[in-house]
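Letter by letter, the chains look like this.
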Amino acid sequence: MPLQRFRPISGRCKLCRGEVEIHLASNEKAPTECPKCGQEIEACPTLTAPQMKINVKPSVSKAKSAGFKVFKKLDGGELEQQ
């Protein structure tokens, strides 16, 4: 069950402190009122982390100098350390 965040539509409340986290199953409907204070609630917008981009193609020599083990994929799907 994912944890979802909701907030009162009318503003902050001393009971729920402006935000409520509720576990909802995927087939459950979102609640319309706060279980703590009874005010009408709405879902909070979800935040996502920015996606990273690798701009430089990694090189074998730099990986080895940084202490990583470098492997080469062979024809049979096996790996061989370089």
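Above this text sits the structure in question.
Thresholds, definitions, all that
Residues numbered from 1 in each chain as written. Predicted model: local features only at pLDDT ≥ 70, side-chain atom pairs only at ≥ 80, totals over all residues. Heavy atoms only, no water. Helix = DSSP H or I, 4+ residues; strand = E, 2+ residues; numbered from the N terminus. Rg over C-alpha atoms; globule rule 2.2 N^0.38 Å. Buried < 20%, exposed > 50% of the residue type's maximum accessible area, 1.4 Å probe, protein only. Contact = heavy atoms within 4.5 Å. Core = buried A, V, L, I, M, F, W, Y, C linked by side-chain atoms within 4.5 Å. Pairing = 2+ DSSP bridges. Axes fitted to C-alpha atoms, helices over the stretch in contact; angles between N-to-C directions.

Caption draft 1: Representation of the overall build of the chain within the structure. Across its full length, the chain carries one helix and five strands. Mapped from its N terminus to its C terminus, the chain presents α and β elements in the order β-β-β-α-β-β. Taken over C-alpha atoms, the radius of gyration comes to 25 Å for the chain, far larger than the 12 Å a tight globule of 82 residues would show. A principal-axis box enclosing the C-alpha atoms of the chain has dimensions of 65 × 25 × 20 Å. Of all 82 residues assigned to the chain, the portion counted as buried reaches 15%. For the chain, restricting intrachain contacts to residue pairs at least 6 apart in sequence, the fraction spanning at least 24 positions comes to 30%.

Caption draft 2: View of the nonpolar core. Counting eight residues, the largest nonpolar core consists of F6, C13, C16, V20, I22, L24, C34 and I41. Those residues within four positions of C13 in sequence are excluded, and the remaining contacts are G18, C37 and Q39.

Caption draft 3: Representation of the sheet that holds strand β2 (residues 20-23) within the structure. An order of β2-β1-β3 is seen for the three strands of this open sheet, with the pairing classed as antiparallel. At either end of the open sheet lies a strand with only one pairing partner, and these are β2 and β3 (41-43). When the angles between neighbouring strand axes are averaged without regard to direction, this sheet yields 40°. Across three bridges, the pairing between strand β1 (residues 3-8) and β3 is antiparallel. The residue bridging P8 from the neighbouring strand is I41, located in β3.

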